[in-house]
Amino acid sequence: MIEDWNRIERPQLVARRMLEGFADLPVVDCGPISHGHGRLRAIYGMTTTESSFKSILGFGILLLAYEAGLLRPGQTVIESTSGSLGVSLALAGKILGNPIELVTDPNIPVVTRRKIELLGARLHIVSGPHPTGGTQQSRVELLRALMAAQPDMFWTDQNDSDLNPAVYRRWLVPSVEPKLDVDWIDAAIFVVGTGGHFVGLSEMLRGHGIPCYVADRVGSATFGGRPGPSVLRGIGNMNTVPKVIGSNLHLVEDVYYATDEDAAEGVQELAQRGIYAGGTSGIAFKCASRLVAETSARNILTFFPDRGDLYGDLFLGASPGAELVRAAA
Ligand SMILES: Cc1ncc(COP(=O)(O)O)c(C=O)c1O
């Protein structure tokens, strides 16, 4: 329990308890997919207090870094983020007593930006995308410059750190595995940014003989595609292949690709079922349908990373300003 936010007794115990709560995600039946030929269940990553599954990673990566002796009390932590991990690190750092510096880009959702500011983390916003590597590349270049100026900072390095999948192995898998009826699942499909949740969940599912597929975005170079921009945040990579996924390609059965317009369609189809999720969940939903149409798998498990509220009506097409959906029409 927290009695005083300015002086938290036993911060690591408090953080661990919060993390256990975040990792206790529900598994929900989403109904038929692919014209009734298949059925979808999803692990709901958006049910945390911060509305994104990255709450698990931010807390977990700092706690594991303490355990490994990589992080000291009071040491500043730095990370490049599209937003959601930043919120989680900001809260985890506030509880653990580690100042947080975050590098992001101007497209960060206003809600996410305000959440980070109110938690007291410091935001560095790059001016725009790198000509070939997009905003991810400009963010990493600014991060390296900040680290050169202040070398004592600890970089969580979500793309390349073994601690990323280790967090899901340690906290997510034991909490969701008992809720999955593994005999029901024919195949699983997950979106990939760093690959952290894909790796943690796929190791467990493949242990039950379940093939695991990736849903990636068109314009992501993670699995050899040609790099290109997207309105989606958190999925795909334009400038790098994160070591987390790159060193675990043996877990990947195959890769399905979807566009921003597919994401919007997926978000709207989910909203028609009362599920309000973000764009990467829309991609997971559309690719799960395709998996049923193109393989013999019928019962599919997926993972929805975050809530739709973060993106306003970008994917819902509710207002005349919803450019993406107009383009998709
Ligand atoms: C909205 C969203 N979807 C998907 C992902 C990808 O998750 P992972 O980094 O575990 O591959 C992220 C990661 O930041 C995300 O924020």
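Residues numbered from 1 in each chain as written. Predicted model: local features only at pLDDT ≥ 70, side-chain atom pairs only at ≥ 80, totals over all residues.

Visitor: How would you sum up the site of the ligand? Please name residues and give values.
Guide: The local shell around the ligand holds 18 residues, among which Gly193, Thr194, Gly234, Thr280 and Pro305 are the closest. Ranked by residues supplied to the shell around the ligand, first place goes to helix H7 (residues 196–207) with three residues. Two domains share the shell around the ligand, each providing at least three of its residues, namely domain 1 (18–47 + 173–311) and domain 2 (54–155). (Near = placed C-beta within 6 Å. Helix = DSSP H or I, 4+ residues; strand = E, 2+ residues; numbered from the N terminus. Domains from an automatic or database assignment.)

Visitor: So what about the environment of Glu117? Which residues, and what values?
Guide: With respect to the helices and strands, Glu117 occurs in helix H4 (residues 110–119). Separated by 62 residues in sequence, Glu117 and Ser55 have C-alpha atoms that sit 16 Å apart.

Visitor: Account for the pairing of strand S10 (residues 299–304), naming residues and giving values.
Guide: A large share of S10 lies buried, amounting to five of its six residues. Here strand S2 (residues 38–44) runs beside S10; their pairing, made up of six bridges, is parallel. From the neighbouring strand, Leu40 faces S10, where its bridge partner is Ile300. As defined by bridge partners, strand S7 (residues 187–191) adjoins S10 across two bridges and the pair is classed as parallel. The residue of S10 that forms the bridge with Ala187 is Ile300. (Buried ≥ 20, exposed ≤ 12 C-beta atoms within 10 Å, placed from the backbone. Pairing = 2+ DSSP bridges.)

Visitor: Pulling in residues and values, what's your account of the sheet that holds strand S5 (residues 122–125)?
Guide: With parallel pairing, the four strands of this open sheet are ordered in space as S5-S4-S3-S6. The sheet is open, and its two borders are formed by S5 and strand S6 (154–155), each paired with just one other strand. Both strand S3 (residues 77–80) and S6 contribute to a ladder of two bridges, which runs parallel. For Val77, the partnering residue across the bridge sits in S6 and is Phe154.

Visitor: If you had to explain the sheet that holds S7 to someone new, which residues and values would you point to?
Guide: Read from one edge of the open sheet, six strands run S1-S2-S10-S7-S8-S9, paired in mixed fashion. The open sheet has two edge strands, strand S1 (27–33) and strand S9 (255–258), and neither has a second partner. Each neighbouring strand pair of the sheet contributes to a mean axis angle of 25 degrees, computed without reference to strand direction. Here H7 sits on the sheet and contacts S7, strand S8 (212–217) and S10; the angle it forms with S7, its principal contact strand, is near 170 degrees. (Axes fitted to C-alpha atoms, helices over the stretch in contact; angles between N-to-C directions. Contact = placed C-beta atoms within 7 Å.)

Visitor: Tell me about the nonpolar core, residues and numbers included.
Guide: Counting 89 residues, the largest nonpolar core has Ile56, Ala188, Ile189, Phe190, Ala284, Ala288 and Ile300 as its most contacted members. Ranked by residues supplied to this core, first place goes to helix H2 (residues 54–67) with eight residues. Lining this core are residues from two domains, each supplying at least three of them: domain 1 (18–47 + 173–311) and domain 2 (54–155). Residues contacting Phe190, with those up to four places away along its chain left out, are His197, Phe198, Leu201, Cys212, Val214, Ala215, Ala284, Thr302 and Phe303. (Core = buried A, V, L, I, M, F, W, Y, C linked by C-beta atoms within 7 Å.)

Visitor: Please provide a residue-by-residue account of the domain arrangement of the protein, values included.
Guide: Domain boundaries assigned for the protein yield domain 1 (18–47 + 173–311) and domain 2 (54–155). Put simply, the middle of domain 1 and the middle of domain 2, counted by C-alpha atoms, are 24 Å apart. At the junction of the two partners, domain 1 supplies 15 residues and domain 2 supplies 16 residues. Looking at the side of domain 1 that touches domain 2, the element that brings in the most residues is helix H1 (residues 11–22), giving three residues. A per-class count over the side of domain 1 that touches domain 2 returns eight nonpolar, four polar and three charged. (Nonpolar A, V, L, I, M, F, W, Y, C, P; charged D, E, K, R; others polar.)

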